[in-house]
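# A closer look at the structure
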Amino acid sequence: MVLALWVGVSVVVLVLVGLFVFGLRRRLIQRSGGTFDCSLRWDVSEEPDPSGKGWVYGVARYSGDRVDWFRVFSYAPRPRRGLERSAIEVIARRLPEGEEELALLSDSVVLGCLHRGTRLELAMSEDALTGFLAWLEAAPPGQRVNVA
């Protein structure tokens, strides 16, 4: 009986510590500011895939001339992807279709991009999209910016 109680308390404590570390990581990512919710689908085909497969929910953070993208459901302290402003080419903009609407946050807009030859899609709110496009267009003089 005592052993079962001890194991139960240990499991609860481990779950609480895990949740605390998870929340602390998110807080540290957002501490420096310039963050926004952004789902990512990497290396997609040219045709829109309305099945909703491949989308990963994350948080993006502006960091100078790059956007660092972190998975939300991860303990990793480093970004999963880094997108350099000079290498991002916006090629399409659309609303989610079919089951994508269930996989993404409500009121998301999907932005099709090329980054160093890899096709990817970013899904974010309209406000975040406005900020992202403004950040792309605010590149220093001499850098090419491709915004469709």
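Note that residues are indexed from 1 along each chain, following the sequence as it is written. This being a predicted model, a pLDDT of at least 70 is required before a residue's local features are given, and a value of 80 or more before pairs of side-chain atoms are given or counted; all residues contribute to the totals for chains, interfaces and linings. Excluded from the side-chain calculations are hydrogens and water; all other atoms, namely the structure's heavy atoms, are used.

The name that an unreviewed UniProt entry assigns to the chain is DUF2550 domain-containing protein, with the source organism given as Streptomyces cyaneofuscatus.

## So, empty space enclosed by the protein
Definitions used for this entry: grid spacing 1 Å over protein atoms alone; cavity, a set of points where a 1.4 Å probe fits but cannot get out; pocket, an open set with protein on both sides within 12 Å along at least 5 of 7 lines; lining residue, one with an atom within 4 Å of a point. Grid points are joined across faces, edges and corners, and a volume is the space filled by probe spheres set on the points. Evaluation of the coordinates by the stated rule reveals 1 cavity of 30 Å³ or more. Its boundaries defined by the atoms lining it, the largest cavity holds a volume of some 30 Å³. Taken together, R25, R26, I29, V59, F70, R71 and V72 make up the lining of the largest cavity. For helices the rule is a DSSP run of H or I covering at least 4 residues; for strands it is a run of E covering at least 2, with both sets numbered from the N terminus onward. Sorting the residues of the lining of the largest cavity by element identifies α1 (2-31) and β4 (66-71) as the ones contributing at least two each. Examining the composition of the lining of the largest cavity, we find that 3 residues originate from one element, α1, more than from any other. Residues are grouped as follows: Ala, Val, Leu, Ile, Met, Phe, Trp, Tyr, Cys and Pro are nonpolar; Asp, Glu, Lys and Arg are charged; every other residue, Gly included, is polar. Its residues assigned to classes, the lining of the largest cavity shows 4 nonpolar, no polar and 3 charged.

## Some thoughts on the state of the cysteines
Two cysteine sulfur atoms form a disulfide, by the criterion used here, when they sit within 2.5 Å. Within the structure shown, the criterion is met by 0 disulfides. This cysteine, C38, is not joined by any disulfide, and C113 carries the nearest cysteine sulfur, 8.9 Å off. Think of it in three bands: residues with accessible area under 20% of the maximum for their type are buried, residues over 50% are exposed, and the middle band is partly exposed, with areas taken using a 1.4 Å probe on protein chains only. For C38, a relative accessible area of 2% gives the class buried. Note on C113: relative accessible area 1%, which makes it buried.

## Some remarks on the nonpolar core
Core analysis: the largest hydrophobic core is formed by 21 residues, its most contacted members being L122, M124 and F132. For this core, the elements supplying multiple residues, two or more each, are β4, β6 (88-94), β7 (108-115), β8 (118-125) and α3 (126-137). Per element, the largest residue contribution to this core is 6 residues, and it comes from α3. With sequence-adjacent residues up to four places away left out, F132 is seen in contact with F36, Y62, V67, I88, L111, L122 and M124. Nonpolar cores were defined as sets of buried Ala, Val, Leu, Ile, Met, Phe, Trp, Tyr and Cys residues, with membership established by side-chain atoms within 4.5 Å. Contacts are residue-level and defined by heavy atoms, with any inter-residue pair within 4.5 Å sufficient.

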